[in-house]
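Here is what each chain is made of, one letter per residue.
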Amino acid sequence: MTKQAACPSVNLRLCKKCKICINICPKKVLEPDENGLPHVIYPNKCTACGLCTAHCPDFAIEIMPLPGAGSGEDHTE
Ligand code: SF4
Ligand code: SF4
C-alpha cells in the first residue's frame, strides 16, 4: 500500500474562486482564505486523488509531488 506524497498547487492568476475544489476534496485539504482563494491547510492529508484538478473549470489547480516523498517518516507534532 503506497501513499503518494503530493500537494495541490493553485495558480492564483487562473483561479476564479468558485470553491469547487474546496468542496469536492474528500480530505478537506483546502479552505478559502480571506479573499476566497483556495488555501492548502492540510497538505499531508492529500491523497493525490485528482478530484480537485479534474473538476476545476479553469485548470487552475494541479497536484505536485512533494519533495522527499517516499521516506515514510511522519513528522507530525
Ligand atoms: S488531489 Fe484529492 S485529496 Fe488532494 S487536494 Fe485534490 S481533491 Fe483533495
Ligand atoms: S476549482 Fe479552480 S477556479 Fe475554482 S476555486 Fe478551485 S482552483 Fe479556483
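Residues numbered from 1 in each chain as written. Chains lettered and ligands numbered in written order. Predicted model: local features only at pLDDT ≥ 70, side-chain atom pairs only at ≥ 80, totals over all residues.

**Considerations on the site of ligand 2**
For clarity, the cut-off: Here, nearness means that the C-beta atom of a residue, built from backbone geometry, sits within 6 Å of the molecule or strand in question. The residue classification treats Ala, Val, Leu, Ile, Met, Phe, Trp, Tyr, Cys and Pro as nonpolar and Asp, Glu, Lys and Arg as charged. All others, Gly included, are polar.
Around ligand 2, a shell composed of 13 residues is seen, among which Cys15, Cys18, Ile20, Cys21 and Cys56 lie nearest. A breakdown of the residues in the shell around ligand 2 according to their chemical character gives nine nonpolar, no polar and four charged.

**A closer look at the nonpolar core**
One recurring pattern in soluble globular proteins: nonpolar side chains tend to sit buried together. In plain terms, the rule: The term nonpolar core refers to a set of buried Ala, Val, Leu, Ile, Met, Phe, Trp, Tyr and Cys residues connected through C-beta atoms within 7 Å. Here a residue counts as buried when 20 or more other C-beta atoms fall within 10 Å of its C-beta, as exposed when 12 or fewer do, and as partly exposed in between; the C-beta atoms come from the backbone. Once C-beta atoms have been placed from the backbone, residue pairs whose C-beta atoms lie within 7 Å are recorded as contacts.
Ranked by size, the top nonpolar core spans nine residues in total: Cys21, Cys25, Val29, Leu30, Cys46, Cys52, Cys56, Ala60 and Ile61. Cys56 has contacts with Ile20, Cys21 and Ile61, leaving out every residue within four places of it along the chain.

**Description of the site of ligand 1**
As a structural note, the neighbourhood of ligand 1 is formed by 13 residues, with Cys25, Val29, Cys46, Cys49 and Cys52 the closest of them. Per-class residue counts for the shell around ligand 1 are 10 nonpolar, two polar and one charged.

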